[in-house]
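Reading the structure
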Amino acid sequence: MVWVFLLLLAWGVAGAACTRLCLAAVRAASVDENAGRGRDLTLYEAAFLSGGPGRVADLTMVSMARERRLLLARTGWATVVDPRGRDEMERSVIGAIGPGGQSRIAPVRAAAAAADAVGGLAERLVGAGLAVTDGARTTVAAGVRQVRAAAVVVLALGVVALLFPATPDLPRDLVALWFALPLALTLSCLAIARAEVHPYSRWASPAGQRMLGALTRRAANGGANAGTSPGDDRTYLTSVAVRGIRAVGEPDLRAAFAHREQRGRD
């Protein structure tokens, strides 16, 4: 009756892995239903929830460039025109460029994305239940890997059980059927995780995604002609926050960031 011991081991491995993944997914999705209600996202918050720290740095540089306070050249260089930053994000960009007032865009973006101002923004969004913590993302990913490993272990234990001589009262087909149950559990858990966990944003919690969805719809409705007049500036920058550099309409500005992309981006 060695196969019974192997079957119990298979159920133990499958049950522990699936339970861990389910608990991790529940914790990642557990958010106050009232999170974010009664408030609107700022452009910096929308940028972080859509694309993380790098998106915040991109938005800040685009905003400053549109106001002619920062020159972003087609060659991939950033030059400070107005050294007086209007908020923490702008001061981070200016500080990243350095006292010389000129630097390549790629290192400026990296330094601004790692600045304390962006870290503080992330903490506030996590505290408000709008952003996903690094720990939650890591725990869910580890849970998925453990369930995959459990599926392999169950399959291996089933093969080992089938290698033992069959008895008249217990055909191999019945042994295989018993091991198919924990295997089905692990595969079903992986399928559910793929459908429910993978679509989640890397940065935004479910509450944050709901707020981003409203912004995305507004940006889609107003973004087609955004940037053609000063009154369109908010809609234009909202599109950049939500969609990233691909929403930039000015050819020279797009060329400056395209030059950055040739050197690698997140």
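Residues numbered from 1 in each chain as written. Predicted model: local features only at pLDDT ≥ 70, side-chain atom pairs only at ≥ 80, totals over all residues. Heavy atoms only, no water.

Topic: the overall build of the protein
This is how the line gets drawn: Comment: elements are numbered from the N terminus, with helices defined as DSSP H or I runs of at least four residues and strands as E runs of at least two. Any two residues having at least one pair of non-hydrogen atoms within 4.5 Å are treated as being in contact. Computed with a 1.4 Å probe, the accessible areas rest on the Shrake-Rupley method; for each residue, only the protein chains presented here act as cover.
Assigned secondary structure in the protein consists of 10 helices and 3 strands. In the protein, 71% of the contacts between residues at least 6 apart in sequence involve partners at least 24 apart. By element, 60% of the accessible surface of the protein is carried by carbon and sulfur atoms, the whole surface being about 14,000 Å².

Section: a nonpolar patch on the surface
What counts, and what does not: Surface patches are defined over residues having more than 30% relative accessible area and no salt bridge, joining like charges when they lie within 9 Å and nonpolar side chains (Val, Leu, Ile, Met, Phe, Trp, Tyr) when within 5 Å. Whenever Lys or Arg places a side-chain nitrogen within 4 Å of a carboxyl oxygen from Asp or Glu, that contact is recorded as a salt bridge. Think of it in three bands: residues with accessible area under 20% of the maximum for their type are buried, residues over 50% are exposed, and the middle band is partly exposed, with areas taken using a 1.4 Å probe on protein chains only.
Where nonpolar side chains cluster on the molecular surface, the patch consists of Trp11, Leu174, Leu177, Trp178, Leu181 and Leu185 and spans about 520 Å² of accessible area. Ranked by residue count, the leading element in the nonpolar patch is helix H7 (residues 172-196), at 5 residues. Tracing the backbone through its elements, the reader meets Trp11 in helix H1 (residues 2-29). On the basis of relative accessibility, which here comes to 33%, the residue Trp11 falls in the partly exposed class.

Some points on helix H9 (residues 233-243)
Buried within H9 we find Tyr236, Leu237, Thr238, Ser239, Val240, Ala241 and Val242. Looking at the residues trailing H9, positive phi occurs at Gly244, about 90 degrees.

Remarks on the pairing of strand E2 (residues 77-80)
Definition in use: In short, DSSP must find at least two bridges between two strands for them to pair.
Note that strand E1 (residues 70-72) and E2 share 3 bridges and pair antiparallel. Considered in E2, the bridge of Leu71 is made with Thr79.

As for a positive patch on the surface
So the rule is basically this: For this count, His and the chain ends are skipped, Lys and Arg are scored as positive, and Asp and Glu as negative. By convention, the charge on Lys lies at NZ, on Arg at CZ, on Asp at CG and on Glu at CD.
Taken together, the side chains of Arg20, Arg27, Arg145, Arg148 and Arg194 define a basic patch exposed on the protein surface. Breaking the positive patch down by element, the ones donating at least two residues are H1 and helix H6 (134-163). Looking at the secondary structure, you find Arg27 in helix H1. Take Arg27: its relative accessible area is 52%, and that puts it in the exposed class.

By themselves, these are just geometric observations and shouldn't be taken as functional.
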